[in-house]
Amino acid sequence: MTTQAELKKHAELFDRMAAAVGLDLEQDAVEGNLRFDEIAEAVLRCTRCGGVGACQKWLAEGPRPGADAPDFCRNRDLLAYLNEQHG
């Protein structure tokens, strides 16, 4: 079972990954590009990732606006879609 602390950790990682590729999830939600249930599912996908260490290392290298999330990211397709909406 996923704990509240784990959900919070992965919500933060998802938000940081989105920001690293130039997205503002809150703004996307306000603009209607991203629904709450999509955010919740993205966080759950993130909890099932085995690459948390690789994710944190990738994030530590700094932002890459407009770039794709790394191949190991379970939310890569969603983030790419959102970036296309801003293109």
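Before any of the text, the structure's been laid out above.
Because the structure is a prediction, the values reported are computed rather than measured.

Thresholds, definitions, all that
Going along each chain's sequence as written, the residues are numbered from 1 onward. Given that the model is predicted, a residue must reach a pLDDT of at least 70 before its local features are reported, and side-chain atom pairs must reach 80 or more before they are shown or counted; all residues, however, enter totals for whole chains, interfaces and linings. Based on all heavy atoms of the structure, the side-chain values leave hydrogens and waters out of the count. In DSSP terms, a helix is any run of H or I states spanning at least four residues, a strand is any run of E spanning at least two, and both are numbered starting from the N terminus. For the radius of gyration, the atom set is restricted to C-alpha positions; the globular benchmark scales as 2.2 Å times the number of residues to the power 0.38. Note on exposure labels: buried denotes an accessible area under 20% of the residue type's maximum, exposed denotes more than 50%, and partly exposed covers the range between, all computed with a 1.4 Å probe on protein chains only. In this description, contact between two residues means that some pair of their heavy atoms is separated by no more than 4.5 Å. Note on areas: Shrake-Rupley, 1.4 Å probe, and residue coverage restricted to the protein chains presented here. Only four residue types enter the charge count, namely Lys and Arg as positive and Asp and Glu as negative; His and the chain termini do not. Lys charges are placed at NZ, Arg charges at CZ, Asp charges at CG and Glu charges at CD. Our arc is simply the arc of the directions from the helix axis toward the C-beta atoms. Between N-to-C directions, angles span 0 to 180 degrees; the directions come from axes that are lines fitted to C-alpha atoms, helices contributing only their stretch in contact. Any angle that falls under 35 degrees is termed roughly parallel, while one over 145 is termed roughly antiparallel, one within 65 to 115 roughly perpendicular, and all others oblique. Crossing handedness is read from the near helix: turned anticlockwise from the far helix by less than a right angle, it gives a left-handed crossing, and turned clockwise, a right-handed one. In this count, Pro and Cys sit with the nonpolar residues alongside Ala, Val, Leu, Ile, Met, Phe, Trp and Tyr, while Asp, Glu, Lys and Arg are called charged and the others, Gly among them, polar. Working definition of a nonpolar core: buried Ala, Val, Leu, Ile, Met, Phe, Trp, Tyr and Cys residues. They are joined through side-chain atoms within 4.5 Å.

### Topic: the overall build of the chain
Inference 1: Counting its regular elements, the chain contains five helices and zero strands.
Inference 2: Listed by position from the N terminus, the elements making up the chain come as α-α-α-α-α.
Inference 3: Relative to the globule expectation of 12 Å for 87 residues, the C-alpha radius of gyration of the chain, 12 Å, shows essentially globular dimensions.
Inference 4: Along the three orthogonal principal directions, the C-alpha set of the chain runs to about 35 × 30 × 15 Å.
Inference 5: Sorting the 87 residues of the chain into buried and exposed places 34% on the buried side.
Inference 6: Looking at the chain alone, contacts between residues at least 24 apart form 74% of all its contacts between residues at least 6 apart.
Inference 7: When the accessible surface of the chain is split by element, carbon and sulfur atoms take 50% of a total near 5500 Å².
Inference 8: Across the chain, the mean location of the 10 positive side-chain charges is 8 Å away from that of the 15 negative side-chain charges.

### Some details on helix α5 (residues 76–86)
Inference 1: Within α5, burial applies to Leu78, Leu79, Leu82 and Asn83. Down the axis, α5 shows its buried residues gathered within 135 degrees of arc, on one side only. Exposed and facing more than 90 degrees away from the buried side of α5 are Asp77 and Glu84.
Inference 2: Looking at the packing, one finds that the buried side of α5 touches α1 (4–20), α2 (25–30) and α3 (36–47).

### A few points about the packing of α1 against helix α4 (residues 52–60)
Inference 1: Following both chains from N to C, one finds α1 and α4 inclined at 40 degrees, their axes separated by 10 Å at the closest point. On the basis of the axis angle, α1 is oblique to α4. Here the hand of the crossing between α1 and α4 comes out left-handed. Along its contact with α1, which presents Lys9, His10, Leu13, Arg16, Met17 and Ala20, the element α4 presents Val52, Cys55, Gln56, Trp58 and Leu59.
Inference 2: By residue class, the composition of the contact of α1 with α4 is seven nonpolar, two polar and two charged.

### Examining the nonpolar core
Inference 1: The biggest cluster of nonpolar side chains holds 21 residues, and the ones touching the most others in it are Phe14, Met17, Leu59 and Leu79.
Inference 2: Residue assignment for this core shows that the elements contributing at least two residues are α1, α3, α4 and α5.
Inference 3: At five residues, the largest contribution of residues to this core is made by α1.
Inference 4: Not counting residues within four places of it along the chain, the set of residues in contact with Met17 comprises Cys55, Trp58, Leu59, Ala69, Pro70, Cys73 and Leu79.

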